[in-house]
Amino acid sequence: MTAKTMAKLNLLWLLGLLFFSPATAQDFRWQQRVEYLMDVHLDVKTHRVKGTQKLTYYNNSKDTLRKVFYHLYFNAFQPGSMMDVRSRTIVDPDPRVSDRISKLKEDEIGYQHIESLKQDGKDISYSIDGTLLEVTLAKPILPNSKTVFDMKFESQVPLQIRRSGRNSKEGIAYSMTQWYPKIAEYDYMGWHAYQYVAREFHSVWGDFEVKITTDPTYVVAGTGKLQNADKIGYGYEKPGTKVQRTEGELMWHFSAKNVIDFAWVADADYAHDQLQVPEGPTLHFFYQPGDKTTENWKKMQSKAVVHFQFMNKVFGQYPYDTYSIIQGGDGGMEYPMCTLITGERSFGSLVGVMAHEAAHSWYQGVLASNEALYPWMDEGFTDFASNESMSNMFDEKNPHQGSYGGYFALARNGLQEPASQHADHYNTNRAYGAVAYNMGTVFLHQLKYIIGQDMFYKGMRSYFSLWKFKHPSPNDFIRVMEKTSGMDLKWYLSYWINTTKRIDYGVKNVLSNDSATFVTLERFGEFPMPVDLVVTLKNGTRELYYIPLNETLGSKNVEDQSIQRFDMEAWPWVNPTYTIKISHIAGEITALEIDPSQRMADIERRNNVVDLSQGLKAYHSQTK
Ligand SMILES: [Zn+2]
């Protein structure tokens, strides 16, 4: 090859990269962007926050925006709010909420009052309905342009009812989450301006500079990195630094880049420990020292390091340089670069909640799917990852067994609803929980069964690296898994998420002649799946008969080299039965089993197994 052709080829190759590279940023959908500058004062006597907010809003859409919406979440904590009514009328209310909002007194409710609002220096009109602020713009925001909103607001921090508030059950003074007027997300689906009824959140990517001034005896922790650690102390300063505090109140300056939210806490009694994750973030731990906390919180810290290492390796690298695990809130709730968890727990429960909430850094903090519309991509994927990390930490077998159990119970109790609806609209909290957490976890573990282990984990890492900071939708996820595995998976997404159809495969009959055994399988459920049928022979060998589903247009790779796999013709999904010829007479076979890995969520497993150890006659007599 001459140098000239070589140069030509190089140029072609470069052009190819420019035009055909699958993963460049411009290939993704547009998304809005924000920059918040907030300067707030917390009065620890009146529990009020007064502050200013300068919001630079970038309209990267092709639409001209004539109005915008803000969330005023604290307004949910007022008698008669939608959150209050919903909690008093749903059949199985969250006990943390129950009828507590209806009983709040004037000085215990939450509110967000807007004192002034300007767009590019001009006053603009707005109206408030519950937890939504609708703003009619003075000047439309044109495509690919920006505008600046200046707001003055005053809020009252409600008594801790749900997620945020003052005086938590464990005595944390301020859990400041969903605490500031937050602009709603506008994306390819339009405005996501949902009233705050129960759950959950969807927000605009952006940068936050937040200055919090308050009583100097309070320790503040939250999203982002403290910028003035040497003027604050409380364990934030570099070791050996002489902290130079100003007189009176302290101003804490936090900075967070490329996050979807900003949360913080304040309490006078926090202990603050730190631990470095090798090739990962610095972990900060904030808890009130005491008999019910200190020992477990100390022991949990090394587990948190192992957890981050596992998550980085298996699911993708955590992209920020700090993460804070903070005692606060009313259970466990994820925020960018931090979590608030209740702290007076047994060791196992503390590690479990830490692992779950920290795993949300991947499946909420960084991927940030719309968790109101697709809670299963948020809670389910998080539970899946934390189950696997916990099993790595404590050497547990079957880490997803509980999730399968939760799904099976839901499918049998008549409360199941499709996973494709908005999280607030389930008839029961129970169905929401089992769908979002359990079915979301099973969705992934079962996907592992369909496409095979190696492609599954490769796909999960590709998904993270392609879609981080970009709000992926269900289709975005399944496309990555399709491209990685070379299989079509739309049918799977559609059946599992949009329907309540069930999987049930079984052995219909077994016949044998002098040279072979014929096994007829039946699809009893409406939900088609590929089938792994494992045959155990009397000499101890096992053989896998793999029957792909024709809908996938492909096969999974061999998962287990220690067992011989026979690749069968694909099963057309419309066919109720499928017969396999096994080249052994029945007398040589001990047992047959459909999916011994039990990753397929088969609702009736009793018909998956055939015991031939007593001969074919015995089997027939059993099933008559
Ligand atoms: Zn969660």
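Refer to the preceding data block for the structure.
Our subject in this report is the structure included herewith. (Residues numbered from 1 in each chain as written. Predicted model: local features only at pLDDT ≥ 70, side-chain atom pairs only at ≥ 80, totals over all residues. Heavy atoms only, no water.)

1. Let's talk about helix H2 (residues 82-89)
It helps to recall that an α-helix has 3.6 residues per turn; residues three or four apart then point in one direction.
In step 1: Among the residues of H2, those classed as buried are Met83, Asp84 and Ser87. When H2 is viewed along its axis, its buried side chains cluster within an angular range of 100° and face the same direction. (Buried < 20%, exposed > 50% of the residue type's maximum accessible area, 1.4 Å probe, protein only. Helix = DSSP H or I, 4+ residues; strand = E, 2+ residues; numbered from the N terminus. Arc of directions from axis to C-beta.)

2. Considering the packing of aromatic side chains
In step 1: Scanning the model with the defined rule gives 57 aromatic pairs in all.
In step 2: Taking 5.6 Å as the distance between ring centres and 90° as the angle between the ring planes, the aromatic pair formed by Trp179 and Trp264 counts as edge-to-face. Note that Trp179 is positioned in the loop between strand E10 (174-176) and strand E11 (182-183) and Trp264 in strand E18 (residues 264-267), a separation of 85 residues in sequence. With respect to burial, Trp179 and Trp264 carry one shared label: buried.
In step 3: For the cation-ring pair, Arg29 lies above Tyr188, with the distance from its terminal atom to the ring centre recorded as 4.2 Å.
In step 4: Sitting above the plane of the Tyr432 ring, Arg199 keeps its charged end 3.7 Å from the centroid. (Phe/Tyr/Trp six-rings, centres within 6.5 Å; stacked < 30°, edge-to-face > 60°. Lys NZ or Arg CZ within 6 Å of the ring centre and 35° of its normal.)

3. Observations concerning the sheet that holds strand E15 (residues 219-222)
In step 1: Taken in spatial order, the four strands of this open sheet run E9-E10-E18-E15, and their pairing is antiparallel. Both outer strands of the open sheet, strand E9 (165-166) and E15, are each paired with one neighbouring strand and no more.
In step 2: In the sheet, E10 pairs with E18 via three bridges, with the strands oriented antiparallel. Of the residues in E18, the one forming a bridge with Met176 is Trp264. (Pairing = 2+ DSSP bridges.)

4. Some thoughts on the environment of Met300
In step 1: Within the element layout of this structure, Met300 appears in helix H3 (residues 294-315).
In step 2: Here Met300 is in contact with Phe285, Ile325, Phe347, Leu350, Val351 and Met354, once residues within four sequence places are set aside. (Contact = heavy atoms within 4.5 Å.)

5. A word on the sheet that holds strand E19 (residues 271-276)
In step 1: Spatial strand order, E19-E20-E21-E23-E22: five strands in an open sheet with mixed pairing. In this open sheet, the two strands that pair with only one neighbour each are E19 and strand E22 (332-335). Averaged over all pairs of adjacent strands, the angle between strand axes in this sheet comes to 15°, irrespective of strand direction.
In step 2: Summarising the sheet, E19 and strand E20 (residues 282-287) pair through six bridges and their orientation is antiparallel. Following the sheet pairing, Gln276 is matched in E20 by Thr282.
In step 3: Contacts between H3 and the sheet are confined to E19, E20, strand E21 (322-327) and strand E23 (338-341), with E20 contributing the most and set at about 155° to the helix. (Axes fitted to C-alpha atoms, helices over the stretch in contact; angles between N-to-C directions.)

6. What about the coordination of the zinc ion?
In step 1: At this site the zinc ion is bound by His356 (NE2), His360 (NE2) and Glu379 (OE), with donor distances of 1.9 to 2.1 Å.
In step 2: The sequence pattern describing where the donors of the zinc ion fall on their chain is H-x3-H-x18-E. With a gap of 19 residues between them, His360 in the loop between helix H4 (347-359) and helix H5 (361-366) and Glu379 in helix H6 (residues 375-394) connect regions that are remote in the sequence.
In step 3: On the basis of relative accessibility, which here comes to 1%, the residue His360 falls in the buried class.
In step 4: Residue classification places Glu379 among the buried positions, given a relative accessible area of 2%. (Donors = N, O, S within 2.8 Å, 3.2 Å for Na, K, Ca; no water.)

7. Section: the packing of helix H8 (residues 429-451) against helix H11 (residues 490-498)
In step 1: One can describe the packing of H8 onto H11 by two numbers: an axis separation of 11 Å at closest approach and a directional angle of 155°. Here H8 is positioned roughly antiparallel relative to H11, judged by the angle of their axes. As H8 packs across H11, the resulting crossing turns out to be right-handed. Contacts between H8 and H11 involve Met439, Val442, Phe443, Gln446, Leu447 and Ile450 on the former and, on the latter, Trp491, Tyr492, Leu493, Trp496 and Ile497.
In step 2: Along the lines of polarity and charge, the residues of the contact of H8 with H11 split into 10 nonpolar, one polar and no charged. (Parallel < 35°, antiparallel > 145°, perpendicular 65-115°, else oblique. Left-handed = near helix turned anticlockwise from the far one by under 90°. Nonpolar A, V, L, I, M, F, W, Y, C, P; charged D, E, K, R; others polar.)

8. Quick notes on the pairing of strand E29 (residues 577-582)
In step 1: Residues of E29 alternate between two faces, with Tyr578, Ile580 and Ile582 buried on one and Thr577, Thr579 and Lys581 left unburied on the opposite face.
In step 2: Direction of pairing for strand E25 (residues 517-523) relative to E29: antiparallel, over a ladder of six bridges. Residue Leu521 lies in a different strand from E29, and its bridge partner there is Tyr578.

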